[in-house]
Amino acid sequence: GAGVSQSPSNKVTEKGKDVELRCDPISGHTALYWYRQRLGQGLEFLIYFQGNSAPDKSGLPSDRFSAERTGESVSTLTIQRTQQEDSAVYLCASSLIRATGELFFGEGSRLTVL
Amino acid sequence: TQLLEQSPQFLSIQEGENLTVYCNSSSVFSSLQWYRQEPGEGPVLLVTVVTGGEVKKLKRLTFQFGDARKDSSLHITAAQPGDTGLYLCAGLITGTASKLTFGTGTRLQVTL
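These figures come from a predicted structure and were not determined experimentally.

Cut-offs and rules
- Residues numbered from 1 in each chain as written.
- Chains lettered and ligands numbered in written order.
- Predicted model: local features only at pLDDT ≥ 70, side-chain atom pairs only at ≥ 80, totals over all residues.
- Heavy atoms only, no water.
- Helix = DSSP H or I, 4+ residues; strand = E, 2+ residues; numbered from the N terminus.
- Rg over C-alpha atoms; globule rule 2.2 N^0.38 Å.
- Buried < 20%, exposed > 50% of the residue type's maximum accessible area, 1.4 Å probe, protein only.
- Contact = heavy atoms within 4.5 Å.
- Lys, Arg positive; Asp, Glu negative; His and termini not counted.
- Charge placed at Lys NZ, Arg CZ, Asp CG, Glu CD.
- Salt bridge = Lys/Arg side-chain N within 4 Å of Asp/Glu carboxyl O.
- Polar contact = N/O pair within 3.5 Å; in protein donor to acceptor, adjacent residues only side chain to side chain.
- Nonpolar A, V, L, I, M, F, W, Y, C, P; charged D, E, K, R; others polar.
- Pairing = 2+ DSSP bridges.
- Axes fitted to C-alpha atoms, helices over the stretch in contact; angles between N-to-C directions.

Looking now at the overall build of chain B. Summing up its helical and strand segments, chain B has zero helices and eleven strands in all. Walking chain B from its N terminus toward its C terminus, one meets helices and strands in the order β-β-β-β-β-β-β-β-β-β-β. In terms of C-alpha radius of gyration, chain B reaches 13 Å, essentially the compact-globule figure of 13 Å for 112 residues. Seen along its three principal axes, the alpha-carbon backbone of chain B occupies a region of about 45 × 30 × 20 Å. Taken over 112 residues, chain B has a buried fraction of 46%. Long-range pairs, those at least 24 residues apart, make up 55% of the contacts in chain B with a sequence separation of at least 6. Across chain B, the centroid of the 9 positively charged side chains sits 6 Å from that of the 9 negatively charged ones.

Here you go:
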């Protein structure tokens, strides 16, 4: 597809389970971001990938959160031992130009932890 | 610590009214963007500003970047129900070369 694709679009899980969220960026985009958005709130930065450079993980809230990206392709965000406070929409965005480039967002993965 | 503060947080107005949304920081931005997000979707870029004092117009929307590049405003003239959404500013702050930081957001509702 032409846009950023995220899956699953909705995920309901039980507390303590692990979840994996996937992001397929726009082809050729070197930069990829993950953000978390709690209900009715703004975007909270989680992690940033730029080409083959070391990722900026400064926004990950705990060691239960991790993300990987292979080259300039798909990225996965993994949350281990989920907690109720992890419930949110997880948005992925990609960009062609790092500094001032437009971010193209996917529709997000809505995670509900029961 | 929230680097980018937006005000107001919520705004409910009637069709035809004017409004201004503010985005402020104590840090200097090398560039700043405004996005609009509708329910169930990701944010969509409205504008990018890079020069202090810059003013950009997009139909009924006017964006201004402060002279010191620490603040920005979004003014909407004659608001319409289609303007309803969450407005987010996002800045690339000087010294944080890698990540775009988003503001706290302003939720706008325009009613008939």
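Another point: the pattern of salt bridges. For side chains bearing opposite charge, pairing can occur when the charged atoms are close. The tally for this structure, following the rule as stated, stands at seven salt bridges over all chains. Between Glu-54 of chain B and Lys-56 of chain B there is a salt bridge, with the nearest N and O atoms lying 3.8 Å from each other. A relative accessible area of 32% means that Lys-56 of chain B is categorised as partly exposed. One network of salt bridges, in which partners are shared, links Arg-36, Arg-38 and Glu-44 of chain A.

This next bit is on the side chain of Thr-30 of chain A. Residues and elements named next belong to chain A. Within the element layout of this structure, Thr-30 appears in the loop between strand 3 (19–24) and strand 4 (31–37). Residue Thr-30 is classed as buried on the basis of its relative accessible area, which comes to 17%. Among the polar contacts listed, one links the side chain of Thr-30 to the side chain of Gln-50, at a separation of 3.3 Å.

A few words on the interface of chain A and chain B. Each side of the interface is counted separately: chain A has 21 residues, and chain B has 21 residues. Connecting chain A to chain B are zero salt bridges. The tally of links from chain A across to chain B stands at three residue pairs in polar contact (both at pLDDT 80 or more). Within the residue set of the side of chain A that touches chain B, elements represented by two or more residues are strand 4 and strand 5 (44–50) of chain A. When residues of the side of chain A that touches chain B are assigned to their parent elements, the largest contribution, three residues, is made by strand 4 of chain A. Taken together, the residues that form the side of chain A that touches chain B break down as nine nonpolar, eight polar and four charged.

All names here are of chain A. Residue position: Val-74 is located in the loop between strand 6 (65–69) and strand 7 (75–79). Note: C-alpha distance between Val-74 and Ser-5 (69 residues apart in sequence) is 9.6 Å. Apart from residues no more than four positions distant in its own chain, Val-74 is found in contact with Arg-22, Cys-23, Asp-24, Pro-25, Glu-68 and Arg-69.

Time to look at the sheet that holds strand 1 (residues 5–7) of chain B. All names here are of chain B. In spatial order, the strands read 1-3-8-7-6; together these five strands make up an open sheet with antiparallel pairing. Sheet topology places strand 1 and strand 6 (55–58) at the edges, where each strand pairs with a single neighbour. Taken over all neighbouring pairs, the strand axes of this sheet differ in orientation by 15° on average, direction set aside. For strand 1 and strand 3 (residues 19–24), the ladder comprises three bridges, and the chain directions are antiparallel. From the neighbouring strand, Gln-6 faces strand 3, where its bridge partner is Cys-23.

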